[in-house]
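Notes for the structure review
Read off the chains here:
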Amino acid sequence: MPANPNYPELAAAQGHWRYQPAANCLQGKNILVTGAGSGIGAAAAKTYACYGANVLLLGRTRSHLESVFDWIEANTDTQAVIIPCDLRALDDDSAQALVAAVVEGYGQLDGLLHCASTLGPKVPVAHYPPEQWAEVMHVNATAPFVLTHALLPLMLDHPRRASIVFVSSTVGRQGRAYWGAYAVSKHALEGLMEVLADEHETAGNLRVNSVNPGATRTAMRALAYPGENPADVPTAETKMDVFVYLMDDTSENLTGAALDARDWAGPNGE
């Protein structure tokens, strides 16, 4: 497994992973990661590059994307590209422009990881501002649909079975008071995953799964739990084995699964 001295968080986590990927298991794959500028998205982008993937970095804040891009350029032999995109404004026209850029630069897409999301206010539904509800639902549920819809032709039109992974949440599987639009939007993502997986199960040309990462040391976690000590929360890198597995050809027969990064058994039931 690649142990990059310039990525100590990943090196520290790899020995504890339930799945030990082969070095360069993602060699030559093109994977688009949304929310790639920070948190789980940034960790996934860097990890995928460490295992040989060319990563398309989609996010809202260019400076954050540039930081991840620079790290990948300096520490791996892969080709990364920055795709600035504010999912709050994503519509079909802008999604099609993004597809054209992907076609020009890469030709095809092997993986799509939906990490980007926004928390919204943690208040009772009775006091939830409708405009904020609409924004959270658009970023967390509608934009992933629009992006997936636009990119599907690139993922279906090549020999390898491509992979779509939706990052879910504990409250996306069991609703909880005061989590409002965030919880509802994650329930919607789980539904989208199930529908897509079922539609393509017989054809066998696409695998679609979701991952609940559980508590993870991110800026969003800090917003949701301001009194929590970040040092007590696992890093994103500790969860990356399941994210690599779902992009690795080892998982080519797995689809329609709602995995939990905290207790998943790994491909060998370990």
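Look up: the structure comes first, before these words.
Every chain is numbered on its own, with residues counted from 1 as its sequence reads. Selection of residues for local features in this predicted model requires a pLDDT of at least 70, selection of side-chain atom pairs for listing and counting requires 80 or more, and totals for whole chains, interfaces and linings are taken over all residues. The side-chain quantities take in all heavy atoms of the structure and omit both hydrogens and water.

The subject of this paragraph is the pairing of strand S2 (residues 54–59). Side chains on a regular strand alternate between the two faces of the sheet. For S2, the buried fraction is high: six of the six residues fall into the buried class. Relative accessibility under 20% of the residue-type maximum defines a buried residue, over 50% an exposed one, and the middle range a partly exposed one, all with a 1.4 Å probe and only protein chains included. We count a stretch as a helix when DSSP gives it H or I for four or more residues in a row; a strand needs E for two or more, and each element gets its number in order from the N terminus. A two-sided burial pattern is seen for S2, the buried positions comprising Asn-54, Leu-56 and Leu-58 on one face and Val-55, Leu-57 and Gly-59 on the other. By this definition, two strands are paired if DSSP reports at least two bridges between them. Where strand S1 (residues 30–34) and S2 come together, five bridges link them in parallel fashion. Residue pairing in the sheet places Leu-32 in a bridge with Leu-56 of S2. You can see the chain leave S1, run along helix H2 (residues 39–50) and come back into S2, and the turn it takes is right-handed. Summarising the sheet, S2 and strand S3 (residues 81–84) pair through four bridges and their orientation is parallel. Bridge pairing in S3 places Leu-58 opposite Ile-83. The handedness rule is simple: strands pointing away from the viewer, and a clockwise path from the first strand over the helix to the second, make the crossover right-handed. Remark: the S2/helix H3 (residues 62–75)/S3 crossover connection has right-handed handedness.

Pairing of aromatic side chains requires ring centres within 6.5 Å, counting the rings of Phe and Tyr and the six-membered ring of Trp. Pairs whose planes differ by under 30 degrees are stacked, by over 60 edge-to-face, and all others tilted. Scanning the entire structure with this criterion turns up six aromatic pairs. Aromatic ring contacts, followed pair by pair, group Tyr-19, Tyr-245 and Trp-264 into a single cluster. The ring of Tyr-7 carries Lys-46 above its face, with NZ or CZ at 4.3 Å from the centroid. Here, a charge over a ring means that NZ of Lys or CZ of Arg falls within 6 Å of the ring centre while also lying within 35 degrees of the ring normal. When the ring centre of Trp-71 is taken as origin, the NZ or CZ atom of Lys-46, which lies over that ring, is 4.9 Å away.

By the element assignment, Thr-78 lies in the loop between H3 and S3. According to the relative accessible area criterion, Thr-78 is buried, its value standing at 10%. Sequence-wise, Thr-78 and Leu-259 are 181 residues apart; in three dimensions their C-alpha atoms are separated by 28 Å. In what follows, a contact means two residues having at least one pair of non-hydrogen atoms within 4.5 Å. Contact partners of Thr-78, with chain neighbours within four places excluded, come to Ala-49, Gly-52, Ala-53, Asn-54, Ile-72 and Glu-73. At 3.4 Å, the side chain of Thr-78 and the backbone oxygen of Ala-53 are in polar contact. A 3.5 Å cut-off defines polar contacts: any pair of N or O atoms within that distance qualifies, except that in protein one atom must be a possible hydrogen donor and the other a possible acceptor, and neighbouring residues in sequence count only when both atoms are side-chain atoms. Within the local environment of Thr-78, its side chain forms a polar contact with the side chain of Thr-76, the two groups lying 2.9 Å apart.

Within the open sheet, the seven strands sit side by side as S3-S2-S1-S4-S5-S6-S7. Their pairing is parallel. Whereas interior strands pair on both sides, the edge strands pair on one side only; in this sheet they are S3 and strand S7 (258–260). Averaged over all neighbouring strand pairs, the angle between strand axes comes to 20°, with direction disregarded. Contacts between H2 and the sheet are confined to S1, S2 and strand S4 (111–114), with S1 contributing the most and set at about 165° to the helix. Only the contacting stretch of a helix is used when fitting its axis, a line to C-alpha atoms as for every element, and angles between N-to-C directions run 0 to 180 degrees.

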